[in-house]
Amino acid sequence: MESLHSTYTWNHVFPEVPKRIFDSVPNVKLIYLLRDPIDRIISHLHHDLYRGRFKYKNVDEVVLADSNYVQISQYYTQLSYYLQYFDMENILIMETSSLQKDTNQALNEICRFLGAQQFDFSKWIKARNQSSRKYLIRYYDIAHKYLPRQMSRLYHLLFYVANEKIARPILSETTLLELKYRLATDINELKKISGKEFKSWKTYNSIDLKNEVVINTSEKSY
């Protein structure tokens, strides 16, 4: 079993990954864990903000100019690279919300997919509180490139002590409309191939493209 996460599904950046997995373990079972694609973009922006990669005031401009944010949330497109090598029977598409809503049921769905025995996970499950506020770490990329691991940890600690927090970004309505416009075709294809409606995606589903004027900014990588 392998979980498709992080850079494993950045196929527009690392297109060789699906073939390398197939060449190594052709009968592997894959789990594709998906969250609301707009929320994923906002979380991605938050991640880059507290690593000091751009200023909060530029968030709308950045997300529309850098196509990487949208491409990672184009789940069907990313999945299509894997479908060149694996059948859908070997891929379980699961929403992160199902793990949060009923973790025991979701884990047993994974057990069924793997052909494993059902199990009561409830006594092993612990609630986790995750803050939506993060500490700013200035020059994060430079520090991680040039400092040894132990030194980079100490570098992080300095900013935790400084306690300069970066709030989760809030995108304008115009930006949200444009993001859904860029994602809509891909997500519709994902619904067809998965048979899921993804009704738990509250942010994505709350954006209505009908009778709306959306902008068509040119996409480029920063």
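Look up a bit, the structure's there.
None of these values were measured; they are calculated from a predicted model. (Residues numbered from 1 in each chain as written. Predicted model: local features only at pLDDT ≥ 70, side-chain atom pairs only at ≥ 80, totals over all residues. Heavy atoms only, no water.)

**Details of the environment of Met 94**
Defined as follows: Numbering goes from the N terminus for both helices and strands, where a helix is a DSSP run of H or I of at least four residues and a strand is a run of E of at least two. Relative accessibility decides the category of a residue: with a 1.4 Å probe and only protein chains considered, values under 20% of the type maximum give buried, values over 50% give exposed, and everything between is partly exposed. Whether two residues touch is decided by their heavy atoms; if any such pair falls within 4.5 Å, the residues are in contact.
Along the chain, the position of Met 94 falls in strand β3 (residues 91-95). Accessibility expressed as a relative area gives 3% for Met 94, which makes it buried. Spatially, the C-alpha atom of Met 94 lies 9.7 Å from that of Phe 198, the residues being 104 residues apart in sequence. Apart from residues no more than four positions distant in its own chain, Met 94 is found in contact with Tyr 32, Leu 33, Leu 34, Leu 99, Ala 106, Glu 109 and Ile 110.

**Some points on the environment of Arg 51**
Position of Arg 51 relative to the elements: it lies in the loop between α2 (37-49) and α3 (59-65). A residue is classified by how much of its surface remains accessible, and Arg 51, at 13% relative accessible area, is buried. Between the C-alpha atom of Arg 51 and that of Asp 141, which follows or precedes it by 90 residues, the distance is 7.6 Å. In contact with Arg 51, not counting residues within four places along its chain, are Ile 137 and Tyr 140.

**Notes on helix α7 (residues 103-114)**
What counts here: Take the number of residues in a helix, subtract one, and multiply by 1.5 Å to get its expected span.
The end-to-end C-alpha separation of α7 is 17 Å, in line with the 16 Å expected for 12 residues at 1.5 Å each. What α7 keeps buried is the set Ala 106, Asn 108, Ile 110, Cys 111 and Phe 113. Where α7 is buried, its residues contact β2 (30-34), β3 and α6 (96-101). Downstream of α7 by a residue or two, Gly 115 has a phi angle that is positive, lying close to 75 degrees.

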